[in-house]
Amino acid sequence: EQLQQALSRNKQVTNLVGHSLGGLAILEAARQNPKSTTTTYGAPVMDVFAKSSTSLPNRFANYGDPIAMFDTNATPGINFGNPHSFSNFSNTSTTDSSKGYENPDKTATLFE
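Summarised in this report is the structure supplied together with it.

About the cut-offs
Residues numbered from 1 in each chain as written. Predicted model: local features only at pLDDT ≥ 70, side-chain atom pairs only at ≥ 80, totals over all residues. Heavy atoms only, no water. Axes fitted to C-alpha atoms, helices over the stretch in contact; angles between N-to-C directions. Helix = DSSP H or I, 4+ residues; strand = E, 2+ residues; numbered from the N terminus. Parallel < 35°, antiparallel > 145°, perpendicular 65-115°, else oblique. Left-handed = near helix turned anticlockwise from the far one by under 90°. Contact = heavy atoms within 4.5 Å. Nonpolar A, V, L, I, M, F, W, Y, C, P; charged D, E, K, R; others polar. Buried < 20%, exposed > 50% of the residue type's maximum accessible area, 1.4 Å probe, protein only. Pairing = 2+ DSSP bridges. Right-handed = clockwise from strand over helix to strand, strands pointing away. Salt bridge = Lys/Arg side-chain N within 4 Å of Asp/Glu carboxyl O. Core = buried A, V, L, I, M, F, W, Y, C linked by side-chain atoms within 4.5 Å.

What about the packing of helix α1 (residues 2–9) against helix α2 (residues 21–32)?
Where α1 contacts α2, the two axes come as close as 10 Å, and the packing angle between them is 50°. Compared by their axis directions, α1 and α2 come out oblique. Read as a crossing pair, α1 and α2 show a hand that is right-handed. Where α1 abuts α2, its residues Leu 3, Gln 4 and Leu 7 lie against Ala 25, Ile 26, Ala 29 and Gln 32. For the contact of α1 with α2, the class distribution of residues is five nonpolar, two polar and no charged.

Considering the pairing of strand β1 (residues 15–19)
Burial along β1 is one-sided: Leu 16 and Gly 18 are buried, while Asn 15, Val 17 and His 19, pointing the other way, are not. Sheet analysis places β1 next to strand β2 (residues 37–41), joined by five bridges and oriented parallel. Bridging across to β2, Asn 15 finds its partner in Thr 37. Handedness of the crossover joining β1 and β2 through α2: right-handed.

Notes on the pattern of salt bridges
Per the stated rule, a full pass over the model turns up three salt bridges. Between Arg 31 and Glu 28 there is a salt bridge, with the nearest N and O atoms lying 3.0 Å from each other. With Arg 31 and Glu 28 both in helix α2, this residue pair falls three residues apart, about one helical turn. Judged by its relative accessible area of 37%, Glu 28 is partly exposed. Between Arg 59 and Asp 71 there is a salt bridge whose closest N-O contact spans 2.8 Å. In this pair, Arg 59 is assigned in strand β3 (residues 58–62) and Asp 71 in the loop between β3 and β4 (75–77), connecting sequence segments 12 residues apart.

Examining the pairing of β3
Burial analysis of β3 places four of its five residues in the buried class, which makes it a mostly covered element. Pairing between β2 and β3: three bridges, direction parallel. Looking across to β3, one finds that Thr 39 is bridged to Asn 58. Inspection of the sheet shows β3 paired to β4 by three bridges, in the parallel sense. Bridged to Asn 62 within β4 is Gly 77.

Thoughts on the nonpolar core
In this structure, Leu 3, Leu 7, Leu 16, Ile 26 and Ala 29 together form the largest nonpolar core, which totals five residues. Of all the secondary structure elements, the ones that give two or more residues to this core are α1 and α2. In this structure Ile 26 touches Leu 3, Leu 16, Val 17, Gly 18, Thr 38, Thr 39 and Thr 40, once residues within four positions along its chain are discounted.

Put into structure tokens, the structure is as follows:
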């Protein structure tokens, strides 16, 4: 509900990025608005079959991540310290997860 309210107030936002449950929320928001693009890290996605031939959203997860372990279509990574973290992915745009923080790539954190 919070995401839908934020998107209705910020119609210019089309690229959604989320970690963990936030990733699942943006995937659902993108289903409702197909113009949105998504990038997820460690989302609880149930996709246990081999990669399909269709184009999928950008999804990333570390080996051993108990939250994203059934997302076989996620691009894998390794983080020995915390497999549910997203800090080891080179395409992570966020440098600070504080609400309202503007990242170097001009994205903004809407939620903590």
